[in-house]
Amino acid sequence: MERVAKFLKEAGTYYLATVDGDQPRVRPFGTINIFDGKLYIQTGKVKPVSKQLHTNPKAEICAFKDGAWLRVSGELIEDDRREARESMLNAYPELRNMYSEDDGNTEVFYFQNATAVFSSFTAAPEIVNF
């Protein structure tokens, strides 16, 4: 999982895919954090992505850097603990201009039953489950 987080942080931007009814939705994200032994992302409760994840937690992220790409699929489960939100915001202090642990909007999700696949054009895929 640490290797997954490192790749995503170094890529800077990854793309999160969710489902909205029968329509796939993809958008850029940039937050990734390991807390309490789990891989987390962050969003705002007012955003459509939040509603989509609460309706159907199955999601996938994809990132590309240096000729390699990473896909992580699994379920994104909300963690409503203040400590989880605080850990994310401490990892990304620039977000504190828009979010806080106690604003009622900041939301963090962790991957459950996740599969990460590291791929490139020159090597066989590597699979990591967590």
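This is a predicted model, so every value here is computed, not measured.

J.: Got a minute to help me understand the pattern of salt bridges in this structure?
T.: A side chain of one charge can pair with a side chain of the opposite charge when the charged atoms of the two come close. Evaluation of the coordinates by the stated rule reveals twelve salt bridges. For Asp 66, the salt bridge identified is with Lys 65, shortest N-O distance 3.5 Å.

J.: Hey, could you run me through helix H2 (residues 48-55) in this one?
T.: If you check which residues of H2 are buried, you get Val 49, Ser 50, Gln 52 and Leu 53. Angular distribution of buried residues about the axis of H2 spans 165°; they occupy a single face of the element. Away from its buried face by more than 90 degrees, H2 exposes Pro 48, Lys 51 and Thr 55. Its buried side turned inward, H2 meets strand S1 (14-20), strand S2 (23-29), strand S4 (38-44), strand S5 (58-65), strand S6 (68-79) and strand S7 (106-120).

J.: Help me understand the pairing of S7, please; the structure alone is not making it clear to me.
T.: Extensive coverage of S7 is indicated by the burial of twelve of its 15 residues. Where S4 lies against S7, five bridges are found, and the strand directions are antiparallel. Following the sheet pairing, Thr 43 is matched in S7 by Glu 107. Pairing analysis gives eleven bridges linking S6 to S7, with the strands arranged antiparallel. Residue Ile 77 lies in a different strand from S7, and its bridge partner there is Tyr 110. The sheet contact formed by S7 and strand S8 (residues 126-129) spans four bridges and is antiparallel. Within the sheet, the bridge partner assigned to Phe 118 lies in S8 and is Glu 126.

J.: What should I look at first to understand the side chain of Glu 101 in this one?
T.: Take Glu 101: it is sitting in the loop between helix H3 (82-91) and S7. One polar contact links Glu 101 to Arg 96, side chain to side chain, over a distance of 2.7 Å. Setting aside its immediate chain neighbours within four residues, Glu 101 contacts Arg 82, Arg 85, Glu 86, Leu 89 and Arg 96.

J.: What should I look at first to understand the environment of Val 19 in this one?
T.: On the secondary structure map, Val 19 appears in strand S1. Assessed through its relative accessible area of 32%, Val 19 is described here as partly exposed. In this structure the C-alpha to C-alpha distance between Val 19 and Asn 56, which are 37 residues apart in sequence, comes to 7.0 Å.

J.: Where do I start with the packing of aromatic side chains in this structure?
T.: The geometry of an aromatic ring pair comes down to the distance between the two centres and the angle between the two planes. A complete count under the given rule lists six aromatic pairs for this structure. A centroid spacing of 5.7 Å and a plane angle of 55° characterise the contact between Tyr 40 and Tyr 110, whose relative ring orientation is tilted. Highlighted residues: Tyr 40 in strand S4 and Tyr 110 in strand S7, separated in sequence by 70 residues. We classify Tyr 40 as buried; its relative accessible area is 1%. On the basis of relative accessibility, which here comes to 14%, the residue Tyr 110 falls in the buried class. Each residue in the set Phe 35, Tyr 40 and Tyr 110 is aromatic and connected to the rest through ring pairs, giving one cluster. Across from the ring centre of Tyr 110, 4.3 Å away, lies the NZ or CZ of Lys 38, which sits over that ring. In this arrangement the basic side chain of Lys 65 is found over the ring face of Phe 7, its NZ or CZ atom lying 5.0 Å from the centre.

About the thresholds
- Residue numbering note: each chain is counted from 1, following its sequence as written.
- Note on the predicted model: pLDDT of at least 70 is required for a residue's local features to be given, and 80 or more for side-chain atom pairs to be given and counted; whole-chain, interface and lining totals, by contrast, use all residues.
- Based on all heavy atoms of the structure, the side-chain values leave hydrogens and waters out of the count.
- By convention in these notes, a salt bridge is any Lys or Arg side-chain nitrogen within 4 Å of a carboxyl oxygen on Asp or Glu.
- Partly exposed describes any residue whose relative accessible area lies between the buried limit of under 20% and the exposed limit of over 50%, with all areas from a 1.4 Å probe on protein chains only and scaled to the type maximum.
- Strands here mean DSSP runs of E at least two residues long; helices mean DSSP runs of H or I at least four residues long; both are numbered from the N terminus.
- The arc in question is the one spanned by the directions pointing from the helix axis to the C-beta atoms.
- Residue contacts follow a heavy-atom distance rule, with two residues in contact if any of their heavy atoms lie within 4.5 Å.
- Note: two strands are recorded as paired if DSSP finds a minimum of 2 bridges between them.
- Pairs of N or O atoms are called polar contacts if they sit within 3.5 Å, as long as, within protein, a hydrogen donor faces a hydrogen acceptor (for residues adjacent in sequence, only side-chain-to-side-chain pairs).
- Between 30 and 60 degrees the pair is tilted, below 30 it is stacked and above 60 it is edge-to-face, where a pair is any two Phe, Tyr or Trp rings, Trp via its six-membered ring, whose centres lie within 6.5 Å.
- Whether a charge sits over a ring comes down to the Lys NZ or Arg CZ being within 6 Å of the ring centre and within 35 degrees of the ring normal.

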